Amino acid sequence: ETGNFDIAHEFFHLLTWNIFDLSSREDQEKGDVESFADAFASNLLIPGRILDEEVKKINQDLSPIDIVNLSLKFGVSLEAMLWKLLNFNHIAKAKKDFFSQNSFLRNVFNIQYKKNYKKNIEALPDNYLNLVIKAYLEEKISKMKMADYLNKNIGEIDYFLKKRGLPLNV
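**Some details on helix α5 (residues 78-87)**
Item 1. Most of α5 is tucked away, with seven of its ten residues classed as buried.
Item 2. Of the positions making up α5, those classed as buried are Leu78, Ala80, Met81, Leu82, Lys84, Leu85 and Leu86.
Item 3. Trailing α5 by a residue or two, Asn89 shows a phi angle of about 60 degrees, which is positive.

**A few points about unusual backbone geometry**
Item 1. Even without glycine at this site, Asn89 takes up a positive phi of about 60 degrees.
Item 2. By secondary structure assignment, the location of Asn89 is in the loop between α5 and α6 (93-100).
Item 3. Since its relative accessible area comes to 69%, Asn89 is described here as exposed.
Item 4. Within the chain, Glu139 stands out as a residue other than glycine whose phi angle is a positive 60 degrees.
Item 5. Along the chain, Glu139 falls in the loop between α8 (126-137) and α9 (143-149).

**Re the pattern of salt bridges**
Item 1. Applying the stated criterion across every chain yields a total of nine salt bridges.
Item 2. With a closest N to O distance of 3.0 Å, Lys73 and Glu54 form a salt bridge. With Lys73 in helix α4 (residues 64-74) and Glu54 in helix α3 (residues 48-58), this pair connects stretches of sequence that are 19 residues apart.
Item 3. When its relative accessible area of 53% is taken as the criterion, Lys73 is described as exposed.
Item 4. Residue Lys145 pairs with Asp148 through a salt bridge whose shortest N-O separation is 3.7 Å. In this pair, Lys145 and Asp148 are both assigned in helix α9, three residues apart and thus about one turn of the helix distant.
Item 5. Residue Asp148 is classed as partly exposed on the basis of its relative accessible area, which comes to 46%.

**What about helix α7 (residues 103-116)?**
Item 1. Between its first and last C-alpha, α7 extends 20 Å over 14 residues, near the 20 Å set by a 1.5 Å rise per residue.
Item 2. Restricting attention to buried positions, one finds in α7 the residues Leu105, Val108, Phe109 and Tyr113. For α7, the arc enclosing every buried residue in end-on projection is 130 degrees, short of the 170-degree limit, so these residues lie on one face. Exposed and facing more than 90 degrees away from the buried side of α7 are Phe104, Ile111, Lys114 and Lys115.

**Description of the packing of aromatic side chains**
Two measures describe an aromatic ring pair: the distance that separates the ring centres and the angle between the ring planes.
Item 1. Scanning the model with the defined rule gives three aromatic pairs in all.
Item 2. Among the aromatic residues, ring-to-ring pairing joins Phe11, Phe12 and Phe40 into one connected group.

**What about a nonpolar patch on the surface?**
Item 1. A surface patch of nonpolar side chains, amounting to about 260 Å² of accessible area, comprises Phe11, Leu15 and Leu44.
Item 2. In this fold, Phe11 is placed in helix α1 (residues 4-15).
Item 3. For Phe11, a relative accessible area of 30% gives the class partly exposed.

**Structural notes on the side chain of Lys96**
Item 1. Looking at the secondary structure, you find Lys96 in helix α6.
Item 2. Looking at Lys96, its side chain comes within polar contact range of the side chain of Glu79, at 3.0 Å.
Item 3. Apart from the residues within four sequence positions on either side, Lys96 is in contact with Glu79, Leu82, Trp83, Leu86 and Ile91.

Thresholds applied
- Residues numbered from 1 in each chain as written.
- Predicted model: local features only at pLDDT ≥ 70, side-chain atom pairs only at ≥ 80, totals over all residues.
- Heavy atoms only, no water.
- Buried < 20%, exposed > 50% of the residue type's maximum accessible area, 1.4 Å probe, protein only.
- Helix = DSSP H or I, 4+ residues; strand = E, 2+ residues; numbered from the N terminus.
- Salt bridge = Lys/Arg side-chain N within 4 Å of Asp/Glu carboxyl O.
- Expected span 1.5 Å × (residues − 1).
- Arc of directions from axis to C-beta.
- Phe/Tyr/Trp six-rings, centres within 6.5 Å; stacked < 30°, edge-to-face > 60°.
- Patch = residues over 30% accessible without salt bridge, like charges linked within 9 Å, V, L, I, M, F, W, Y side chains within 5 Å.
- Areas by Shrake-Rupley, 256 points an atom, 1.4 Å probe, with all protein chains shown as cover.
- Polar contact = N/O pair within 3.5 Å; in protein donor to acceptor, adjacent residues only side chain to side chain.
- Contact = heavy atoms within 4.5 Å.

This is the structure we're talking about:
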């Protein structure tokens with residue numbers, strides 16, 4: 001899992017904090033707000049027009065490797081990409097379900113993600129890091145979730161932040 005989708009989802013909540021007061025809402029309304037947050041994250045990270053252009057470049061039925069490559073290109077999980085491809089009619093539901101349940105495909109994605117992206121985690125953009133730290137300091141995410149978003153073990157967080165010039169006692 002890349003974490004980008006989760007961050008974008010939580011970013012929606014930060015942006016709409018004063019609009020949706022979830023503490024006084026029914027479970028159905030909370031579910032609706034969560035759906036809005038997912039739609040926001042999906043459209044922010046995988047803009048439909050750009051996805052359409054990328055799929056056209058492939059110029060054939062999407063293979064499992066094509067889908068892995070699209071996921072990596074947009075920096076989202078395989079599952080997020082499959083849902084977006086389904087919603088934009090680039091794959092059928094049966095194909096989406098088959099790929100969602102394909103452990104080999106997930107393993108290929110995870111290996112490629114770690115190979116291509118995990119090595120760059122030290123070069124996280126400041127705005128991404130700041131958003132994660134802000135969410136933690138405002139107690140919207142736990143230290144464990146912050147570690148997950150930063151692709152670190154919980155024991156590495158203090159050292160990681162200090163190394164980046166942020167000697168927070170988190």
